[in-house]
Amino acid sequence: MFDNLSDKLDKALHNLKGHGKITEINVAETMKEVRRALLDADVNFKIAKEFTNTVREKALGQNVLTNLKPGQLMVKIVKDELTELMGGDAAELNLTGNPSVILMSGLQGSGKTTFSGKLANFLLKKKTKKPLLVACDVYRPAAIDQLHIVGEQIGVEVYSDRGNTNPVAIAKDGIKKAKELGCNVVIIDTAGRLAVDEQMMDEISNIHKAIEPQETLFVVDSMTGQDAVNTAKAFNDVLNFDGVILTKLDGDTRGGAAISIKSVVNKPIKFIGTGEKMEAIDVFYPSRMADRILG
Ligand code: GDP
């Protein structure tokens, strides 16, 4: 994960290891390289600039107060700032509703259906949670079939209504069904399109208003780099969502989305997807991710 970024940051910070102390000059050089590494990883220019400015100020400020060697100090500061940039503490799901309703949003192919299944499986393992999956894609019958397959795989009931073309009604009926079945979590999988368009935004916004979910999650493919951040912004403007799910982190993704998204939409990344299997889900811990990036 993020091998290229890790290598480049390591090289950039390594340069300081030979120096006896941090100076204006060597910190400026190091920050130039750090910024380049972030830009190569598809981090937005403004974020990369702010990041390196903050790190530089901290490095120069803390330099006199610490016994750490320059290289160690810089690694520590970069790690702390990366953690902060990615959200600070881990963010939990709000599951206080009865049932708790979780609405999935995102583009087609981002991994919504797969993640709906993964999340249901994750919650099922908590023993106290009995999830119901609801298929609200009224355009692609294959998407309904896919959710049923996922449900069967993990042993979770799936509600769908193939004759119904009204996703708001299906979502509401799904919640009713959950109450009948004694399910305390409802995960609603919705239709996505290949790009942000008005009709999709209206539809998801209508579902959102009608069911008032406890959690609205935005699912995004981390391989799409800066586009992931732009799409997040578009969905957040309409839904004011509660959290981000970053999928396909097992692929050859450069890391920009993971690093930038929180500061652009000011919403935490809650989970990551790390493969196609139902078990390939992890709670997102910013500090662990920063540790991983800095090796
Ligand atoms: P949806 O259209 O948003 O519902 O997306 P899908 O759930 O159908 O996922 C699209 C494709 O991405 C499928 O082939 C999934 O198996 C795959 N996929 C989803 N999540 C991940 C992930 O975390 N890692 C990998 N490698 N593939 C994933």
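Just so it is clear, the structure is predicted and the values come from calculations on it, not from any experiment.

1. What to know about the UniProt feature "domain: SRP54-type proteins GTP-binding" (unreviewed entry) in the protein
And then number 1: Those residues carrying the UniProt feature "domain: SRP54-type proteins GTP-binding" (unreviewed entry) are residues 268-281 in this numbering.
And then number 2: Helix and strand shares over residues 268-281 are 0% and 43% respectively, and the end C-alpha atoms of the span are 16 Å apart.

2. Description of the nonpolar core
And then number 1: Grouped together as the largest cluster of nonpolar side chains are 69 residues, with contacts concentrated most on L5, M74, L82, I188, I259 and I293.
And then number 2: Those residues in contact with I293 that lie beyond four places of it in its chain are F2, L5, S6, L9, L82, M86 and I259.
And then number 3: V150, V156, L217 and M278 belong to the second largest nonpolar core, which has 23 residues in total.

3. Observations concerning a negative patch on the surface
And then number 1: Together, D3, D7, D10 and D252 make up a region of like negative charge exposed at the surface.
And then number 2: Position of D7 among the secondary structure elements: in helix α1 (residues 3-14).

4. A look at helix α9 (residues 226-239)
And then number 1: Helix length check: α9, at 14 residues, gives a terminal C-alpha distance of 20 Å against a target of 20 Å (1.5 Å per residue), a fit within 8%.
And then number 2: Residues of α9 that are buried include every one of A228, V229, T231, A232, F235, N236 and L239, and no others. In an axial view of α9, the angular spread of the buried residues amounts to 165 degrees, which keeps them on one side of the axis.
And then number 3: Packed against the buried residues of α9 are β1 (100-105), α8 (198-211), β5 (215-221) and α10 (256-265).
And then number 4: In the stretch just after α9, N240 is the one whose phi turns positive, near 45 degrees.

5. Here's the deal with the pattern of salt bridges
And then number 1: Taken as a whole and assessed by the stated rule, the structure comprises 13 salt bridges.
And then number 2: The partner of K79 in a salt bridge is D291, with the nearest N and O atoms 3.3 Å apart. One end of the pair, K79, is in helix α4 (residues 70-85); the other, D291, is in helix α11 (residues 286-294), with 212 residues separating them in the sequence.
And then number 3: For K79, a relative accessible area of 23% puts it in the partly exposed group.
And then number 4: Looking at D291, the relative accessible area reads 37%, which means it is partly exposed.
And then number 5: Taking the shortest distance from any N to any O, the salt bridge between D197 and R193 comes out at 3.1 Å.
And then number 6: When its relative accessible area of 27% is taken as the criterion, D197 is described as partly exposed.

Conventions adopted
The residue count restarts for each chain, going from 1 along the sequence in the order it is written. At least 70 in pLDDT is required for a residue's local features to be given in this predicted model, at least 80 for side-chain atom pairs to be given and counted, and no such filter applies to totals for whole chains, interfaces and linings, which use all residues. To get the side-chain values, all heavy atoms of the structure are used, and hydrogens and water are removed first. UniProt positions are given in the numbering used here, feature names are shortened, and annotations may be inferred rather than shown by experiment. Secondary structure is summarised from DSSP: a helix means a run of H or I of at least four residues, a strand means a run of E of at least two, and numbering begins at the N terminus for each. We define the nonpolar core as a collection of buried residues of types Ala, Val, Leu, Ile, Met, Phe, Trp, Tyr and Cys that are connected through side-chain atoms lying within 4.5 Å of one another. Throughout, exposure labels follow a simple rule: accessible area from a 1.4 Å probe, protein chains only, divided by the maximum for the residue type, with under 20% read as buried, over 50% as exposed, and the rest as partly exposed. Contacts are assigned to residue pairs with any non-hydrogen atoms lying within 4.5 Å of each other. Surface patches are drawn from residues lacking salt bridges whose relative accessible area is over 30%; two like charges belong together within 9 Å, two nonpolar side chains (Val, Leu, Ile, Met, Phe, Trp, Tyr) within 5 Å. Note on areas: Shrake-Rupley with a 1.4 Å probe; residue coverage comes only from the protein chains shown. Put simply, a salt bridge is a Lys or Arg side-chain nitrogen that is within 4 Å of an Asp or Glu carboxyl oxygen. Charged residues are defined narrowly, with Lys and Arg counted positive, Asp and Glu counted negative, and His plus the chain ends left uncounted. For this purpose, a charge sits on NZ of Lys, CZ of Arg, CG of Asp or CD of Glu. The length a helix should cover is 1.5 Å for every residue beyond the first. Think of the arc as the fan of directions from the helix axis to the C-beta atoms.

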